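A look at the structure
If you want the building blocks of each chain, they are given just below.
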Amino acid sequence: MVRVVHTIAELHKILSPLWRKGDPVGFVPTMGALHDGHVSLMKQAKADGNALVVASVFVNPLQFGSGEDYDEYPRDLNGDVKVARDAHADVVFAPSVAEMYPRGFLTYVDQDKLTDKLCGAHRPGHFRGVLTVVLKLFNVVRPAHAYFGQKDYQQAVVIQRMATDLNLDVKLHVMPIIREPDGLAMSSRNVYLGSKHRQEALVLHQALSRANELVAAGERNARKLAGEIRKIIGQSKSAKVDYISVVHPETLEDLNDISGKSVIAVAARFGKTRLIDNVIVE
Ligand code: AMP
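A brief structural summary. Just so you know, these numbers come straight off a predicted model, no measurement behind them.

Brief notes about the pattern of salt bridges
Tallying each qualifying case throughout the model produces 15 salt bridges. Linking Asp-23 and Lys-21 is a salt bridge whose minimum nitrogen-to-oxygen distance equals 3.6 Å. Under the relative-accessibility criterion, Asp-23 is labelled partly exposed at 28%. In this structure, Arg-269 engages Asp-242 in a salt bridge whose closest nitrogen and oxygen atoms are separated by 3.1 Å.

Set out below in structure tokens:
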């Protein structure tokens, strides 16, 4: 059984006995249109022995820029509740925008440096919106454990930085990327792709897999790896690359050479659909 609540007051009624007893709450923040990537996070939260698993479904207006897809973003709360129930989540928290940002709201979380890179460089204000909503949700849910996907690698890094910097009492868990059988990273935005772009979008995973192979075979030069990735993504006629970056796993600084754990991250648009993917190489 999964309970669906829309207000912070209702959620507090469910959670306050657990907080009082010190029972751990597991938390999976999402924007809904749930898929197997989200399911993997909920299942992990359950498997880790949290006394209760809360999944939030909230399309956060603050993290969308003007001209981005806030209005079109897929919304299907009934479908999401079924997915969450099957993944053994206990509570779906689906607040309204007014519940999260009541009239008079003026306070935001900003972070330096990390948020200027990768997606942050292409989506001004995006991470300010992400950090603000995630801190609010952490304060509302008070989780002991929170679960995020490696799919949004930079997001996981900036949230971990916030948790450390602001002494948040929550342990973050970053789970592997769940993919379609053909390799495309699962994303709520994949529903936007028509069949042509859906097929062409496979180049992202193909390019990253090739880069991973090259690193395993001894290639260390970031520029050469990026060049190979660009060539493979270029096999798609529609792909417009936002970035191809080889970065340090914590600072997200560009690397010239791979000498330890590194992240290769890409973002590209197929028509109006912007997709991201990454691979961690050792
Ligand atoms: P979203 O609903 O897209 O904001 O994502 C909510 C959470 O699910 C984030 O922590 C994402 O990183 C994670 N997530 C999204 N797609 C995947 C995926 N394909 N595999 C694993 N986690 C994912």
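Considering the sheet that holds strand β2 (residues 25–30)
Strand order in the open sheet made by the 6 strands is β1-β4-β3-β2-β5-β6, with parallel pairing throughout. Edge positions in the sheet fall to β1 (3–5) and β6 (171–175), since each of these pairs with one other strand and no more. Strand-to-strand twist of the sheet, defined as the mean angle between neighbouring strand axes without regard to direction, takes the value 25 degrees. Relative to strand β5 (residues 145–149), β2 runs parallel, the two sharing 2 bridges.

Re empty space enclosed by the protein
Under the defined criterion, the tally for this structure stands at 1 cavity of 30 Å³ or more. Quantified by volume, the largest cavity comes out at close to 60 Å³. Considering the residues around the largest cavity, the lining is formed by 13 residues, among which Leu-184, Ala-185, Leu-204, Ile-276 and Asp-277 are closest to the centre. Mapped onto the lining of the largest cavity, the elements with two or more residues apiece are α9 (202–216) and β9 (273–281). Its residues placed into classes, the lining of the largest cavity shows 7 nonpolar, 3 polar and 3 charged.

Thresholds applied
- Residues numbered from 1 in each chain as written.
- Predicted model: local features only at pLDDT ≥ 70, side-chain atom pairs only at ≥ 80, totals over all residues.
- Heavy atoms only, no water.
- Salt bridge = Lys/Arg side-chain N within 4 Å of Asp/Glu carboxyl O.
- Buried < 20%, exposed > 50% of the residue type's maximum accessible area, 1.4 Å probe, protein only.
- Pairing = 2+ DSSP bridges.
- Helix = DSSP H or I, 4+ residues; strand = E, 2+ residues; numbered from the N terminus.
- Axes fitted to C-alpha atoms, helices over the stretch in contact; angles between N-to-C directions.
- 1 Å grid on protein atoms, 1.4 Å probe; cavity = no way out; pocket = protein on both sides within 12 Å on 5 of 7 lines; lining within 4 Å.
- Points joined across faces, edges and corners; volume = space filled by probe spheres on them.
- Nonpolar A, V, L, I, M, F, W, Y, C, P; charged D, E, K, R; others polar.

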